[in-house]
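Secondary and tertiary structure notes
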Amino acid sequence: MTTAPTPVPASTPAAQSGGGAPGPAAPSTASARTAKAPRPGRRRSGGSRAWLGALPLILFFAIGFGLPAVAIAIGAFTTSSDAPDGGGTFTTDNLTSSLQGAYWTAMWGSVKLSLLTALISTIVGLPLAQAVATSRFRMFREAVMSASGVLANFGGVPLAFMFVATLGNSGEVTKRLGLTKHGWNLYTFSGLSVVYLYFLVPLMVITITPALEGLKSQWREAASNNGATAVQYWRHVALPVLLPSLLGGFVLLFGASFAAYATAEAMVGSSVPLISMQIGDALSGNVLVGQGNLALALGLDMIVVACLVMAVYLPLQRRSAKWLA
């Protein structure tokens, strides 16, 4: 009976080269990776370099926003330089006066105008953005987005002049259609709301279009395969996912409308009570003696409202980013 040959072990590299002593063992994969890993000190230096890159932006923000905000806060709680005591004395009269009488009426008028225009712009801008996001024509999408970018930043005196020449009491459209006979008046709260929609609707289109493009086609296909109609898809799938983005866009439009000044000043003046108009009058000297810092208190009220708006907007933006990532 024959036996199976015993396998001969392969010779080591040292034996093949003729050396008597075995050579050093080759480093393992784990040790090689450990040797190539960057040192902790290098990571810290990279992080510090990143902060150095953001330093100009931080300085610009601190100088352009931080210092004026601090100056407004200090001036809101001190007496004006034209006060009988010479100014600089701590007081809360400025802040108290800014929340009473005509100033409170102006604050509430700005809030109502911002809420109304932001709500209408959200409702109108969503289907327009959906038409842009689902369009198969690239030229149409680029044209609408470019026009929205221009119109969203078009305001001030040119916008007011355009509407006065078109829909004013002597405007071309007003005279041709006889709008005055039907009670139309551009220089009212309703007319100012129409003017604000001119730049708020394009801003909503720019804001919500990326969220609409983030809706996955698999969601619509799955809903269709399960027998859902288009209305059911939007009600139970698309709108719940888009809700944080819609609310964030609404808050952003509210802030843009609340802070607008030049358009309302050039078109309606003081006929529509707005907090921005009151600040302009206070800065121009149309206040009582010793209340020059009242404008700073009104500005502080607007900063508080803006901070509240941002406190609502940022969490909504993060939540929508998780769904649409």
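Rules used throughout
Residues numbered from 1 in each chain as written. Predicted model: local features only at pLDDT ≥ 70, side-chain atom pairs only at ≥ 80, totals over all residues. Heavy atoms only, no water. pLDDT = per-residue confidence, 0-100. Contact = heavy atoms within 4.5 Å. Salt bridge = Lys/Arg side-chain N within 4 Å of Asp/Glu carboxyl O. Helix = DSSP H or I, 4+ residues; strand = E, 2+ residues; numbered from the N terminus. Buried < 20%, exposed > 50% of the residue type's maximum accessible area, 1.4 Å probe, protein only.

Looking now at the confidence of the model for the chain. Per-residue confidence for the chain gives a mean pLDDT of 80; residues scoring 70 or more make up 80%. In the predicted structure, residues 1-35 sits below a pLDDT of 50 and forms five contacts with residues beyond four places in sequence or in another chain.

With that settled, the discussion passes to the pattern of salt bridges. Counted by the stated rule, this structure contains three salt bridges. Between R141 and E213 there is a salt bridge whose closest N-O contact spans 2.4 Å. Separated by 72 residues along the polypeptide, R141 in helix α6 (residues 138-152) and E213 in helix α9 (residues 189-213) bring together distant segments of the chain. According to the relative accessible area criterion, R141 is partly exposed, its value standing at 27%. Judged by relative accessible area, E213 falls into the partly exposed class, the value being 43%. E172 is the partner of R176 in a salt bridge, and the nearest nitrogen-oxygen pair spans 3.8 Å. With R176 and E172 both in helix α8 (residues 172-177) and four residues apart, the pair spans about one turn of that helix. For R176, a relative accessible area of 70% corresponds to the exposed category. Taking relative accessible area as the criterion, E172 reaches 41% and is therefore assigned partly exposed.

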